[in-house]
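# Topology and contacts: notes
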Amino acid sequence: MKERIKQMLIKEFLQMFRDKRMRMVIMVMPLVQLTILSMALTTDVKNIKVAIVDRDNTVESRSLISRFSDSQYFDVAVTLRDDSRLPQMLDKGEVLAAISIPYGFSEDLKSGKQSPVQIICDGIFSNDTAIIMNYAGQVTALFNSRHLEKVAGKIADAVNLEGRAWYNPNLESKFYYVPGLIAVMLILVGLVLTSMAIVREKEIGTIEQVMVTPIRKSEFIIGKTLPFLITGYVTMTLMFIIAYLVFGIRIQGSLLLLYACSGVYITGNLGLALLVSVTARTQQQALLTAFLIIVPAILLSGFIFPIHNMPEGVQAATIFNPMRWYLQILHSIALKGVGAESLIKPMIAQAALAAGFLSLAIMKFQKTID
Amino acid sequence: MKGFKFQRMRAVARKEFIHLIRDWRSLALAIAIPVFLIAIFGWALTMDLSDVPTVVWDQSSTPQSRDYLSHFQGSPYFSVKYGVDNYRDIQKYLDTGQVIVALVIPWDFGDRILAGKTADVQVIVDGANTNNASLALGYVTNLSLIYNSNIRTKRMAGKRLGATPGQAVIEPRAWYNADLRSRNVIIPGIIALVMVVIAAMLTSVTVAREWETGTMEQLISTPLRVPELILGKIMPYFVVGLTDVAIAVAMGRWIFHVPMRGNPGLLVLASSIFLLGALFFGLLLSIALKSQVLANQIAILSGYMPTLLLSGFVFGIHNMPLPIQGITYIVPARYFIAMLRGIYLKGVGLEILWLNGLLLTIYAAAMMILAHKKLRLMLD
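These notes cover the structure that comes with them.

Summed over the entire model, instances satisfying the criterion amount to 15 salt bridges over all chains. A salt bridge links Arg55(A) to Asp83(A); the shortest N-O distance between them is 2.8 Å. Taken together, the residues span a long stretch of sequence, with Arg55(A) in the loop between strand E1 (48-54) and helix H3 (59-69) and Asp83(A) in the loop between strand E2 (74-80) and helix H4 (86-92) at a distance of 28 residues. Its salt-bridge partner being Asp122(A), residue Lys346(B) comes within 3.7 Å of it at the nearest N-O pair. A residue pair is termed interchain when its members come from two chains, as with Lys346(B) in helix H13 (residues 332-346) and Asp122(A) in strand E4 (residues 114-122). Each member of the pair, Lys346(B) together with Asp122(A), is buried. Taken together, the salt bridges that share partners define one network made up of Lys15(B), Glu16(B), Arg209(B), Glu210(B) and Lys233(B).

In structure tokens form, the structure reads like this:
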């Protein structure tokens, strides 16, 4: 049995790496993508181009403006006296936001009225908008309290916030996105490659040749999955090395636990891919089906879009998403450095899913071949 | 295009159509994937953060601290889930990811507020998810500022200063998307994603399949010429792609009520050009690589992820580091998404979008010419 599996492994590896271009796709592309995409994924908002419309043009209005322009969030592109050019600038995307101070701003402040300052944002970038609005609120509150002090003398603030971000004190996006992208790349490459594995032999007709050899079905399945498990591990290791060398991300927790859990994740993906592969008739079908799995797996994993804001039904469905659990495990081990005791739930879920996919694939395969 | 015969192209198109229709599962998937994608994006996904799961350690437990906390309980942004009385439990909730924010109110909070002093409040956020963490920190800060200003008004009254001085109040406005529904932004963008994926995936196998199954030799022996073959191959998938666009637009219009402020004709035109570019790109891969697995793999890796992440679809290009911003210029979806949003949400036309349109056209033309050049109808 060992010998037959060994021969099968040799064949599979030869097939996979014979083509130089294939070696590139399997080994190099995920690494390049990881590097480029990791740098692109940032939700750090800074240097937002704003236009300022200062209709008042007084000491007070300029003092408010300087509070905005001093911050790292805003980059004042232009200061206008009226808003006639504003629609055009926003339409063209020359600025993403505008701050408009009304005529009579300083008069209002002196006479004890509330003076409306408009913050206009390009709502297309809704994430930036939320942060800009947050920040504009803070800048204005600070302005108000200084203004109040000038008039009424010092009044103590009620609360002083001591904000602290655990696990990632400077809130750098890369610590979140780089491990996340590793999980994405693993499912992407693993599922696409493996889903082609069996259907390819079916399509070119070599599966009949394999079936007339003394190889057993279980050996065939092992022979088909093992090479992808090994390549998956190698790709993953290379990606962690890049994460460390390029992005300075160290694994805080146990490396052994991480590798064990990653093995479960990769195996689960392989099971899913085999399931696709045995049910598909052509490589094109296999690929489209794999894609139909990959897309929701990535989007509904909590990687980009928070799970707890999804509708209840969808939240419940994410239980069946292996990437959801792996992402949680990966972030917890890599960033939080927690041990197995805090990860019992995701680990069980992940293992159950992997076992389920794999046994379904084997059952389905038995039937297809007979 | 010497000797180009429309009839021969039609024959290839017909053959490809039959391929497509026979393989009903692929065809069904080519329609189902877009519907499915739009449905999950439309219903399930939002980057907006609300109901942030929060844990509170109220050491003070006074009317003052409860007053402060009521700002959080009443806010849609927070969902105060647990109360604890030690840091160990806070650590546990954060470690397991059950909460994102922990608030610690100190013992002397009530006394200090009553005495007119400032009290320190500790906020701990789970920095592992940076986006959620910075949004959540912003929300905490804003609620605290509101509390500050309430207390300040009371303290002012204590000083008997007479009239309170005026203050600046923010009037937030979001143009193009007044209610800040992420759906309005995402649905137009999804058209690009769907098309990249479907188009490049479908065509990336077509020529490679002929090579792999050996039917290419039969094609070579016919009088068929290169332009007839590539145009004929593209035709059926162009129809499928436009059907997908129609489905996306219809779902956006009638199910998700995304406003359409611009010219629908321009939308169709831009979509067609982008679609052609994506189809020829897939075909080019298929011609150049002669292997279905390889062409597919590259079509997905170079199509899906860059379109999702480098086109401005989810992450604003203006926030990326400069070298990466440079790379986004070679992602065609970048221009298409800018056009889609311009047409859908801003209601602008070619007077502003002409450059994006021009670059898309150049891209499509380049892909067509490359595919044409690469395809040799002869045996190696």
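A few words now on the interface of chain B and chain A. Listed per partner, the contact involves 122 residues of chain B and 124 residues of chain A. Interface of chain B and chain A: buried area, both sides summed, is about 11,000 Å²; carbon and sulfur atoms make up 66% of it. Three residues, Arg25(B), Trp175(B) and Leu301(B), lead the burial of chain B against chain A; their summed loss comes to 6% of the area buried on that side. Connecting chain B to chain A are 2 salt bridges. At the junction of chain B with chain A, the criterion picks out 16 residue pairs in polar contact (both at pLDDT 80 or more). Top contributing element to the side of chain B that touches chain A by residue count: helix H6 (residues 130-159) of chain B, with 21 residues. Residue classes in the side of chain B that touches chain A are distributed as 72 nonpolar, 32 polar and 18 charged.

Here strand E4 (residues 119-126) of chain B lies mainly inside the structure; 7 of its 8 residues are buried. Sheet topology note: the strand E5 (residues 159-166) of chain A/E4(B) ladder contains 8 bridges and is parallel. Each bridged residue has a counterpart across the sheet, and for Trp166(A) the counterpart in E4(B) is Asp126(B).

What follows covers the packing of aromatic side chains. In the structure shown here, the tally under the stated rule is 25 aromatic pairs over all chains. The interplanar angle of 70° and the centroid separation of 5.5 Å between the aromatic rings of Phe68(A) and Phe74(A) together place this pair among those described as edge-to-face. With respect to class, Phe68(A) is no different from Phe74(A); both count as buried. On the numbers, 4.2 Å between centres and 15° between planes, the contact of Tyr82(B) with Tyr93(B) is stacked. With Tyr82(B) in strand E2 (residues 78-83) and Tyr93(B) in helix H4 (residues 87-95), this pair connects stretches of sequence that are 11 residues apart. We classify Tyr82(B) as partly exposed; its relative accessible area is 26%. Among the aromatic side chains, those forming a connected cluster through ring pairs are Tyr68(B), Phe72(B), Tyr77(B), Phe78(B), Phe109(B), Tyr139(B) and Tyr147(B). Between the NZ or CZ atom of Arg324(A) and the centre of the ring of Trp325(A), over which it lies, the distance is 4.3 Å.

Let us now look at the sheet that holds E1(A). An order of E2(A)-E1(A)-E3(A)-E4(A)-E5(B) is seen for the 5 strands of this open sheet, with the pairing classed as mixed. Two strands lie at the open edges of the sheet, namely E2 of chain A together with strand E5 (167-175) of chain B, each paired on one side alone. Mean inter-strand twist for the sheet, computed between neighbouring axes without regard to direction, equals 25°. Where E4(A) lies against E5(B), 9 bridges are found, and the strand directions are parallel. Residue pairing in the sheet places Cys121(A) in a bridge with Ala174(B) of E5(B).

Membership of the largest hydrophobic core comes to 191 residues, with the highest contact counts inside it found for Leu299(A), Phe303(A), Phe41(B), Tyr304(B) and Met305(B). Top element by residues in this core is helix H7 (residues 182-213) of chain B. It accounts for 18 residues. If sequence neighbours within four positions are ignored, Phe303(A) has contacts with Leu41(A), Tyr176(A), Tyr177(A), Gly180(A), Leu181(A), Val184(A), Ile298(A), Met323(A) and Leu327(A). Counting residues in hydrophobic clusters, the runner-up holds 54 residues, among them Val45(A), Ile65(A), Ala165(A) and Ile113(B).

Conventions adopted
- Residues numbered from 1 in each chain as written.
- Chains lettered and ligands numbered in written order.
- Predicted model: local features only at pLDDT ≥ 70, side-chain atom pairs only at ≥ 80, totals over all residues.
- Heavy atoms only, no water.
- Salt bridge = Lys/Arg side-chain N within 4 Å of Asp/Glu carboxyl O.
- Helix = DSSP H or I, 4+ residues; strand = E, 2+ residues; numbered from the N terminus.
- Buried < 20%, exposed > 50% of the residue type's maximum accessible area, 1.4 Å probe, protein only.
- Contact = heavy atoms within 4.5 Å.
- Buried area = accessible area lost by both parts, 1.4 Å probe.
- Polar contact = N/O pair within 3.5 Å; in protein donor to acceptor, adjacent residues only side chain to side chain.
- Nonpolar A, V, L, I, M, F, W, Y, C, P; charged D, E, K, R; others polar.
- Pairing = 2+ DSSP bridges.
- Phe/Tyr/Trp six-rings, centres within 6.5 Å; stacked < 30°, edge-to-face > 60°.
- Lys NZ or Arg CZ within 6 Å of the ring centre and 35° of its normal.
- Axes fitted to C-alpha atoms, helices over the stretch in contact; angles between N-to-C directions.
- Core = buried A, V, L, I, M, F, W, Y, C linked by side-chain atoms within 4.5 Å.

That is the geometry; function is a separate question.
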